[in-house]
Amino acid sequence: MGTTLSEIAVMEGGAAKVLENREGARTTPSVVAVSKNGEILVGIQAKRQQITNPQNTIFQVKRLIGRRYTDAEVQRDKKLLPYEMREAPDGGVEVKMGEKWYKPLEISAMVLRKLKQDAEEKLGEKITEAIITVPAYFDDSQRKATKAAGEIAGFEVKRVLNEPTAAALAYGLDKQKNERIIVYDFGGGTFDISILEVSENTIEVKGTGGDTHLGGEDFDQKVMDWLIGEFKKDQGIDLSKDPLALQRLKEAAEKAKVELSTAMETEINLPFITSDASGPKHLLYKLTRAQLEGLVREYIEKSIELVKQTLKEASLNPQDINEVVLVGGQTRMPAMQETVKQLFNKEPNKTLNPDEVVAMGAAIQAGILQGEVRDVLLLDVTPLSLGIETLGGVNTILIQKNTTVPTAKSQVFSTAADNQTSVEVHVVQGERPMAEGNKSLGRFILDGIAPSPRGVPQVEVTFDIDANGILSVTAKDKATNKSQSIRIEGSTGLSKEEVEKLKKEAELHEAEDMKKKEFIEARNLADTLLYTAEKTLKDMGEKVSADIKSEVETRIEALKKVKDSGTIEELKGATEELSQALQKIGSQVYQQGEQKGEENPPQGEQSQP
Amino acid sequence: MKKELEEMKKERDEYLRGWQRARADLLNYKKEEMERMKGLMEYSQAEFLLNMLPILDNLERAEQTIKDQGFLQIGKQMRDFLKSQGVEELRVGKEKFNPEFHEAVGEVERTGLEPGTVAEVVEKGYTLNKKLLKPAKVKTAK
């Protein structure tokens, strides 16, 4: 039950899943209205008629639920909300919708009933029990009212759960003992901070803070104001007086804000935004991420001040916090994540959808209550990729990172030189494309390979990780069935720091590593081609005309010259030229062969360790 | 010895059940994944078309001022393309405002129209395969 949006999630096959409503959306606006013809509308439909029916459209009722009319918050919100409000006989609040007065909990119940009906339609079964989430700062009266809303909607409310606790549950943070968690929840219209303490079987709220009137919508407004200001400066027209233009601006501002969470720059392009005596006017502005950050810097800083204040009230320092959880769509903004990270000097939990993490946590709590979430079998994943070193020092990955274990994977390799009778298998762990940049786990030699030309022997390398994270690497010569293997324990058991360090290094060296790898691959290709060319000349020299033969020989020399000292461009160029010269041999021999009715067997290519 | 055997039998059954369950889970997961893929494809097509509609809205705004034949043909091309993808324009007459298909963006004085009737379509609405893709933005009569 959010201030602006609500969501419903269920447990399915041991995992939480957010359900779509009838309109196909994963969120339902927490809006209820009585239309002009007396019909009650809930969700998006209520929102669609809000502009023309503001007095009878009730939204943000969460600000009022379970409160007393005389509360300072209620008196403040009364001035901001367009619908009528009065004191109820019991001292609570009542809101007017149509000709009738309703308690806020009755309005909430209508939203919950829609969620329930839509979910039942989706699942094809009745839903009788629910868990409803509320902010951690909700007092007893607000919680009771929320529970009552759920009961009116037809649920048996099994628990009224704190939103930050739900978020922590979604991240599985309830399993860590004696940890302090801070939940930074930047929603559409409210900002909540909660400090939680996890101990044996309980999650306790240690402190709360925030600002009930600060949210992502303030960011949109800033962008809108900026657009209006720029347009006024350039065109002398004030768009804030034009309701239709404002609508388009609002949508465009939000879209630009969202885009700047992933892009560094975006364009706000609104042709025909308005017109004056001289004709239509168009709006077109670029907005960079840095500009947006400048516009909203004050809000981010304010949120950090509030976090510090909340910590202080709980007599805690940033370093006392073990985990940081981000909730709310606005926390996708990189500058916000960065600022929070800097304060706590800790990477925040942000892998789950921040709009859905609370609903998912509620579903997980429901699963725990029903016994669906059992610690049946905790399957580990490989934190880093595992591979072997191949020709030229390249790291050839066999098992990708984040693969669930137990797992096994095989690949066939071959030799790099003629009459090579042994291969060395060097097992490495890490993301860097060159083997040397990764952690070496072990090496062994498989010998006894029958002497044959390069590329012919088939050596099958198998990686097998069992449920305990023990890695066995086996190399087998497919011709003789001779094999050799190594057992490496604890290949998944790296410490968190070690994993992070290796990942960071991979990121840091990504560009140079790729270059190096590209070079080595080009050189390997050149090597193979040189080998093929020389072999072809030797085998079929007589069948080829002298001028083609001499051309190939020249190209071979040219490629040899640049192979170890040239640039990558020279290397690629010379390889290409040799390859083309070689094709001439191919076509000549093929023509002769065709005349004789011969066929060349197809040739496969293999990588070589 | 017997006790040990009993325990092992029990353990074996447990493992067998776990393995069978894992096999079944995988098969079920595959089936669900197919369904999910189908849903995802429909969703991504709807998302794609939805993101295209603002371009058509602007094209239509332009068509009110620019009457060049070639330009108008581009508009037609775009509408034909959307139609071929199953996108249909919502027909909105002088009907009662219906929030299932309409989004109110303002009110206007309009004599001869009942209050709450659609007086003007500001941005067209569309359906995709008979399901609402985007509501029509309308002004209603006061």
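Residues numbered from 1 in each chain as written. Chains lettered and ligands numbered in written order. Predicted model: local features only at pLDDT ≥ 70, side-chain atom pairs only at ≥ 80, totals over all residues. Heavy atoms only, no water.

A. Broad picture of the pairing of strand β9 (residues 93–97) of chain A. All names here are of chain A. Counting buried positions along β9 gives four out of five residues, so the element sits mostly inside the fold. As defined by bridge partners, strand β8 (residues 85–87) adjoins β9 across three bridges and the pair is classed as antiparallel. By the bridge assignment, E87 is partnered in β9 with V93. Counting the residues in the hairpin turn of β9 and strand β10 (residues 100–102) gives two residues, including G98, whose phi is positive at 65 degrees. (Buried < 20%, exposed > 50% of the residue type's maximum accessible area, 1.4 Å probe, protein only. Helix = DSSP H or I, 4+ residues; strand = E, 2+ residues; numbered from the N terminus. Pairing = 2+ DSSP bridges.)

B. Representation of the nonpolar core. All names here are of chain A. Ranked by internal contacts, the top residues of the largest apolar core, which has 46 residues, are I182, I268, L283, V307 and F344. Top contributing element to this core by residue count: helix α8 (residues 289–313), with eight residues. If we skip the residues at most four places from it in the chain, F344 touches I182, V307, L311, P318, I321 and V324. In this structure, V42, A46, Y69 and V74 belong to the second largest nonpolar core, which totals 43 residues. (Core = buried A, V, L, I, M, F, W, Y, C linked by side-chain atoms within 4.5 Å. Contact = heavy atoms within 4.5 Å.)

C. Just the interface of chain B and chain A, in detail. In this assembly, 23 residues from chain B lie in contact with 16 residues from chain A. Among the residues of chain B in contact with chain A, R61, P99 and V105 of chain B are the three that bury the most area, contributing 27% of the side total. Put simply, chain B and chain A have two salt bridges between them. A salt bridge links E251 of chain A to K137 of chain B; the nearest nitrogen and oxygen atoms lie 2.5 Å apart. One can count six residue pairs in polar contact (both at pLDDT 80 or more) joining chain B with chain A. Broken down by secondary-structure element, the contributors of at least two residues to the side of chain B that touches chain A are α1 (2–63), β2 (102–108), β3 (118–123) and β6 (136–141) of chain B. Taken together, the residues that form the side of chain B that touches chain A break down as 10 nonpolar, five polar and eight charged. (Buried area = accessible area lost by both parts, 1.4 Å probe. Salt bridge = Lys/Arg side-chain N within 4 Å of Asp/Glu carboxyl O. Polar contact = N/O pair within 3.5 Å; in protein donor to acceptor, adjacent residues only side chain to side chain. Nonpolar A, V, L, I, M, F, W, Y, C, P; charged D, E, K, R; others polar.)

D. How the structure looks around the packing of α8 of chain A against helix α9 (residues 334–344) of chain A. Residues and elements named next belong to chain A. Viewed as axis vectors pointing N to C, α8 and α9 meet at an angle of 35 degrees, and their least axial separation amounts to 9 Å. For the element pair α8 and α9, the recorded crossing hand is right-handed. Note on element contacts: α9 touches α8 through P334, A335, M336, T339, V340, L343 and F344, opposite R289, E293, R297, I300, I304, V307, K308 and L311. For the contact of α8 with α9, the residue count by class is 10 nonpolar, one polar and four charged. (Axes fitted to C-alpha atoms, helices over the stretch in contact; angles between N-to-C directions. Left-handed = near helix turned anticlockwise from the far one by under 90°.)

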